[in-house]
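Report on the structure
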Amino acid sequence: MKTIVKSALLAVSALAISAVTAVADPVEIKLQRFFGACDADFGTNTDVAKATGECGIITSLINKFNADNPDIHISVTNVEWPGYDQLNAQFAAGDAPDIVTIHESVLSDYQSKNLLLPLDDLLKSEGITPDQFTSAAQQGVTKDGKFYGMPIDTWTMLYHVNMDLFKQAGLVNPDGTPIFPKSVDEAIAQAEQFKAKTGKPYFVQNMANETALFMRNFYTYLFQQDSDFFADPKHIKVQTPEAKKVLEFYKKIYDEDLTTKDMDYGTAINAFLAGEGGVQLNGTWVVGDYNAQSETAGTALNKGGYAVYPYPQLFGGTHAQYADGHSWAVSAKDRKPEELAAIGKFLKFYFDNDYEWSRTGHLPSVQAVLDSDQFKALPHRSTILEVAKLGKPLPQQIQRQFALQDIIGEEAGAAITGQKDIDAALADMETRVNDLLSNL
Amino acid sequence: MTAVQAPRKPSHGPHSPDWKNALFVAPYLFFFVTLLVFPLFWGIWLSFHKADTFSSGPFVGFGNYVRLFNDKVFLQSVGNTFYFVLLTVPTLALIGLFLALALNARTRTATVLRSLFFFSSVLSVTIVTLIWRIVFIPQFGLLATVYGWFGATAPAFVSDPNLAMIAVAMATIWWCLGLPMMLFLSALQQIPGDIYEAAALDNASRWRTLTAITLPSIKRTFALVIIIQIVLQFQLFGQAWLMTRGGPNNVTKPIVLYIYDTAFRRWDLGLGAAASEVLFVLILLAAMAQYLISRRKEDL
């Protein structure tokens with residue numbers, strides 16, 4: 001009898017323990033992101049202040065969230081940038097992640113298919129209102145009057161400058177700031193002067209099988225000429241003198257060897273960090289890493305310093321440059337209230353840590369952070385803050401912007417590297433883009 | 001007392017058809033139909049419709065095919081695929097044959113070398129392209145380092161429009177060499193030794209033995225290798241995607257990459273399906289050629 005009672009007690013205890021365990025099981029949220037992998041350096045780091053770079057900061061932030069919230073577990077899938085092919089397959093298979101990084105320029109594609117959850121109510125329940133974001137961030141994620149993503153930054157391309165080589169080239173003002181061109185002719189002249197004095201190309205560009213860089217440069221210099229090339233969101237117009245001027249400028253840079261050639265993205269970064277050229281055309285996301293390099297003794301950027309600026313105005317129109325933003329989007333599907341609450345809590349956590357994310361070099365999406373002294377005190381923000389006003393995205397109604405990037409990048413690249421005549425490339429660009437947009 | 005059961009009389013002869021036999025093939029048939037036959041007909045159906053990744057629209061007849069054959073990039077990708085097949089298939093057959101002839105010996109060295117040459121075939125496409133990217137990376141790659149020793153600049157293999165496809169072909173040949181070599185080796189080992197003994201007795205030279213005995217004996221394997229490789233290389237995707245992304249300016253974009261790009265990156269599923277059907281017909285022709293050749297072999 002004693003044994004039976006003992007066994008019964010044990011069984012009851014086991015049941016109780018399993019019930020407690022079941023209650024304590026954390027809510028599982030699937031998160032998918034790009035920004036690279038850095039588990040070797042930051043895989044277990046929860047001290048966000050110690051992290052640098054996009055990957056380090058996002059990894060540490062998610063680690064910290066998991067550590068601070070034992071009732072929630074964010075499991076992360078890391079995808080190769082930008083990860084949309086994988087995301088498309090996941091959506092098509094009904095197996096999309098809960099939270100996913102999406103460029104603001106791409107949100108329309110998914111929103112138009114009702115694949116994303118409008119976030120207004122969820123953000124409101126966490127005390128976040130649209131007016132807390134910068135106007136650029138608000139515009140980037142608002143579709144049909146609703147928020148379809150929580151903006152985390154605004155990004156653009158920048159002139160990253162090796163000041164040592166600029167000094168050698170005689171392209172430095174008395175106050176120590178770099179001298180930039182104010183027209184296409186000046187740009188060519190300064191690049192030639194740079195090459196003559198340093199023996200190195202003015203630009204470090206990743207031109208090998210690249211599309212994104214060509215597209216961003218192309219849009220930027222069309223904006224600078226007030227070219228309304230997307231007056232109709234389903235029809236591009238680039239067989240114009242403005243578009244021709246942009247490609248002629250970059251072709252001249254290429255033909256006169258004023259830029260590096262044949263480099264892919266990683267090689268171009270290494271080349272710039274090794275002091276192989278004066279200006280690297282790269283995004284806001286490398287400011288933190290490059291600044292860290294410039295503070296490390298013995299590096300090429302430490303020799304004479306590192307500076308970073310928006311693209312100079314080379315044409316007679318409004319000063320502007322192409323910009324986009326990253327956001328957290330939430331897939332539309334049936335969820336338990338605790339799962340939705342967990343997602344809301346994570347978004348609030350990221351919102352509250354927008355300053356940490358802005359250390360990457362991206363401009364913050366939260367207005368209070370952008371206005372804060374803490375943000376302004378970060379290195380180089382005084383020179384790049386201007387892009388908050390200069391940054392201009394494509395009209396939000398334009399769909400398939402990443403597919404357009406490939407077409408525009410391929411044709412612009414072909415024209416610049418001489419594989420195609422500029423007029424033929426612009427004609428093909430227009431035909432291919434319009435064929436794509438007329439068959440959505 | 002139990003009744004003695006009469007022995008069961010078979011209702012059919014031992015070789016007569018029995019529906020239960022279908023159970024043996026049912027598992028295979030299930031996967032064959034769901035994973036191959038159904039997608040095949042679904043693909044054909046899609047190619048006649050306007051469809052994107054998340055929804056299918058109206059019937060458009062041959063509209064997608066008309067768009068396809070008006071698309072310069074598609075026509076370029078067909079040309080690229082043929083060019084790639086031309087670069088890789090003869091090279092794979094000839095190097096595979098050469099290696100098989102050289103390593104058709106029962107020595108330890110030959111065994112080790114056979115394993116070594118076959119080794120690359122077991123690697124995944126990601127690893128293969130990673131290795132070759134390290135070779136081709138400008139300034140910091142293996143090729144750039146070697147050229148640097150002689151004060152020269154290495155050719156820009158992955159970004160020069162004239163060299164990019166050759167670079168993809170080089171990686172592919174290195175990767176795929178194992179199968180042709182093994183097929184030739186198995187064919188060589190089936191040639192009866194007494195023919196060679198007779199040739200030796202007749203004082204036949206090595207060249208004469210090769211051209212009069214060895215090569216005629218393996219000509220069907222040669223055809224088989226060619227056809228298998230044509231079918232395989234027509235499906236080029238991973239190497240081009242990972243090494244060059246189909247660039248520069250689409251010169252390394254094969255048909256499969258065009259399909260991927262169109263269907264999954266541009267969401268134009270109907271057009272992608274139409275391109276898939278064109279590729280299907282091309283591969284079907286190659287497979288039919290293989291079938292005809294193997295039929296001829298049986299007739300002999």
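For the structure itself, consult the block above.
Residues numbered from 1 in each chain as written. Chains lettered and ligands numbered in written order. Predicted model: local features only at pLDDT ≥ 70, side-chain atom pairs only at ≥ 80, totals over all residues. Heavy atoms only, no water.

Each helix and strand counted, chain A has 22 helices and 14 strands in total. For 440 residues, the compact-globule estimate of 2.2 N^0.38 gives 22 Å, and chain A sits close to it at 25 Å. Counting only C-alpha atoms, chain A reaches 100 × 55 × 35 Å along its principal axes. Looking at chain A as a whole, 57% of its 440 residues qualify as buried. Put simply, 74% of the contacts in chain A that link residues at least 6 apart link residues at least 24 apart. As displayed, chain A has an accessible area near 17,600 Å², and 53% of this comes from carbon and sulfur atoms. Within chain A, the 57 negative side-chain charges are centred at a point lying 3 Å from the centre of the 37 positive side-chain charges. (Helix = DSSP H or I, 4+ residues; strand = E, 2+ residues; numbered from the N terminus. Rg over C-alpha atoms; globule rule 2.2 N^0.38 Å. Buried < 20%, exposed > 50% of the residue type's maximum accessible area, 1.4 Å probe, protein only. Contact = heavy atoms within 4.5 Å. Areas by Shrake-Rupley, 256 points an atom, 1.4 Å probe, with all protein chains shown as cover. Lys, Arg positive; Asp, Glu negative; His and termini not counted. Charge placed at Lys NZ, Arg CZ, Asp CG, Glu CD.)

To continue, consider the overall build of chain B. When helices and strands are counted, chain B shows 14 helices and two strands. Compactness check: chain B gives a C-alpha radius of gyration of 26 Å against a globular reference of 19 Å for 300 residues, more than 25% above the reference. Judged by the C-alpha coordinates and their principal axes, chain B covers about 100 × 75 × 40 Å. Within chain B, the proportion of its 300 residues that are buried is 39%. A sequence separation of at least 24 residues applies to 70% of the contacts in chain B between residues at least 6 apart. Total accessible area computed for chain B in this model is approximately 17,700 Å², and 70% of it derives from carbon and sulfur atoms. With 21 positive and 12 negative side-chain charges, chain B shows a separation of 4 Å between the mean positions of the two kinds.

All right, on to the pairing of strand 12 (residues 326-330) of chain A then. Residue and element names in this part refer to chain A. In terms of burial, strand 12 is a largely internal element, five of the five residues being buried. Across the two faces of strand 12 the burial is the same, with His 326, Trp 328 and Val 330 and Ser 327 and Ala 329 all buried. The pairing of strand 3 (residues 99-103) with strand 12 spans five bridges and is antiparallel. Looking at the pairing, Ile 99 lines up with Val 330 of strand 12. When strand 6 (residues 150-151) meets strand 12, the two strands line up antiparallel, connected through two bridges. Counted as the bridge partner of Met 150 is Trp 328 from strand 12. (Pairing = 2+ DSSP bridges.)

Next up on the list: the packing of helix 10 (residues 212-223) of chain A against helix 21 (residues 401-416) of chain A. Residue and element names in this part refer to chain A. The geometry of helix 10 relative to helix 21 is characterised by a closest axis approach of 7 Å and an angle of 85° between their N-to-C directions. Considering the angle they form, helix 10 stands roughly perpendicular to helix 21. Contact with helix 10, carried on its side by Ala 212, Phe 214, Met 215, Phe 218 and Tyr 219, involves Leu 404, Gln 405, Ile 408, Gly 409, Ala 412, Gly 413 and Ile 416 of helix 21 and no other residues of that element. Partitioned by chemical class, the residues of the contact of helix 10 with helix 21 number nine nonpolar, three polar and no charged. (Axes fitted to C-alpha atoms, helices over the stretch in contact; angles between N-to-C directions. Parallel < 35°, antiparallel > 145°, perpendicular 65-115°, else oblique. Nonpolar A, V, L, I, M, F, W, Y, C, P; charged D, E, K, R; others polar.)

What follows is about the packing of aromatic side chains. Any aromatic ring pair is given by two values, namely how distant the centres are and how the planes are angled relative to each other. Within the structure shown, the criterion is met by 56 aromatic pairs over all chains. Ring geometry for Phe91(A) and Phe54(B): centres 6.4 Å apart, planes at 85°, overall edge-to-face. With one member in each of two chains, Phe91(A) in helix 4 (residues 84-92) and Phe54(B) in the loop between strand 1 (49-52) and strand 2 (55-59) form a pair that bridges those chains. When its relative accessible area of 22% is taken as the criterion, Phe54(B) is described as partly exposed. Its guanidinium or amino end placed over the ring of Tyr254(A), Lys261(A) lies 4.2 Å from that ring's centre, counting from NZ or CZ. For the cation-ring pair, Arg245(B) lies above Trp241(B), with the distance from its terminal atom to the ring centre recorded as 4.2 Å. (Phe/Tyr/Trp six-rings, centres within 6.5 Å; stacked < 30°, edge-to-face > 60°. Lys NZ or Arg CZ within 6 Å of the ring centre and 35° of its normal.)

Quick look at the nonpolar core now. Within the largest apolar cluster, 141 residues are counted, with the highest numbers of intra-cluster contacts made by Met150(A) and Phe218(A). Shared between two domains, this core holds at least three residues of each, these being domain 1 (26-151 + 326-392) and domain 2 (156-323 + 399-437) of chain A. Met150(A) has contacts with Leu119(A), Leu123(A), Ile128(A), Phe133(A), His326(A), Ser327(A), Trp328(A), Leu347(A), Tyr350(A) and Phe351(A), leaving out every residue within four places of it along the chain. The next biggest cluster of nonpolar side chains, apart from the first, holds 30 residues, and it includes Leu99(B), Phe136(B), Met181(B) and Met243(B). (Core = buried A, V, L, I, M, F, W, Y, C linked by side-chain atoms within 4.5 Å. Domains from an automatic or database assignment.)

Glancing now at the pattern of salt bridges. Within the structure shown, the criterion is met by 28 salt bridges over all chains. Measuring nitrogen to oxygen at the nearest pair gives 2.7 Å for the salt bridge that ties Asp406(A) to Arg265(B). Here Asp406(A) is found in helix 21, whereas its partner Arg265(B) is found in helix 13 (residues 255-265) on a different chain. Its relative accessible area of 8% is what places Asp406(A) among the buried residues. The salt bridge partner of Asp261(B) is Arg265(B), with a shortest N-O separation of 2.9 Å. Placement of both Asp261(B) and Arg265(B) in helix 13 is noted, with a separation of four residues, approximately one turn of the helix. Overlapping salt bridges, with partners in common, bring together Asp85(A), Asp406(A), Glu410(A), Glu411(A), Lys420(A), Asp428(A), Arg432(A), Lys72(B), Lys253(B), Asp261(B), Arg265(B) and Arg266(B) in one network. (Salt bridge = Lys/Arg side-chain N within 4 Å of Asp/Glu carboxyl O.)

Time to look at the side chain of Arg400(A). Residue and element names in this part refer to chain A. Considering the arrangement of structural elements, one finds Arg 400 in the loop between strand 14 (391-392) and helix 21. For Arg 400, a relative accessible area of 4% puts it in the buried group. A polar contact of 3.2 Å, which involves the side chain of Arg 400, links it to the side chain of Gln 399. (Polar contact = N/O pair within 3.5 Å; in protein donor to acceptor, adjacent residues only side chain to side chain.)

Residue and element names in this part refer to chain B. Counted at 1.5 Å a residue, the expected span for helix 5 (residues 125-136) with its twelve residues is 16 Å, and the 16 Å between its end C-alpha atoms agrees. Listed as buried for helix 5 are Val 128, Thr 129, Trp 132, Val 135 and Phe 136. Buried residues of helix 5, seen end-on, are gathered within an arc of 110° and therefore sit on one face of the element. Considering only its buried residues, helix 5 is in contact with helix 6 (142-149), helix 7 (164-176) and helix 12 (238-243). (Expected span 1.5 Å × (residues − 1). Arc of directions from axis to C-beta.)

This part covers the interface of chain B and chain A. Chain B puts 33 residues into the contact, and the matching count from chain A is 33 residues. For the pair chain B and chain A, the summed buried surface comes to about 2,800 Å²; carbon and sulfur atoms form 46% of the total. Applying the counting rule to chain B against chain A returns eight salt bridges. Inspection of the chain B/chain A interface yields 16 residue pairs in polar contact (both at pLDDT 80 or more). (Buried area = accessible area lost by both parts, 1.4 Å probe.)

Let's shift gears to the sheet that holds strand 12 of chain A. Residue and element names in this part refer to chain A. An order of 2-1-3-12-6 is seen for the five strands of this open sheet, with the pairing classed as mixed. Each of the sheet's edge strands pairs with one partner strand only, and the pair in question is strand 2 (72-78) and strand 6. As paired strands, strand 1 (residues 27-33) and strand 2 are joined by seven bridges and run parallel to one another. If you follow Ile 29 over to strand 2, its bridge partner there is Ile 74. Of the strands in this sheet, strand 1, strand 2 and strand 12 are in contact with helix 3 (residues 53-68), which crosses strand 2 at around 155°.

The analysis is restricted to geometry; functional conclusions fall outside its scope.
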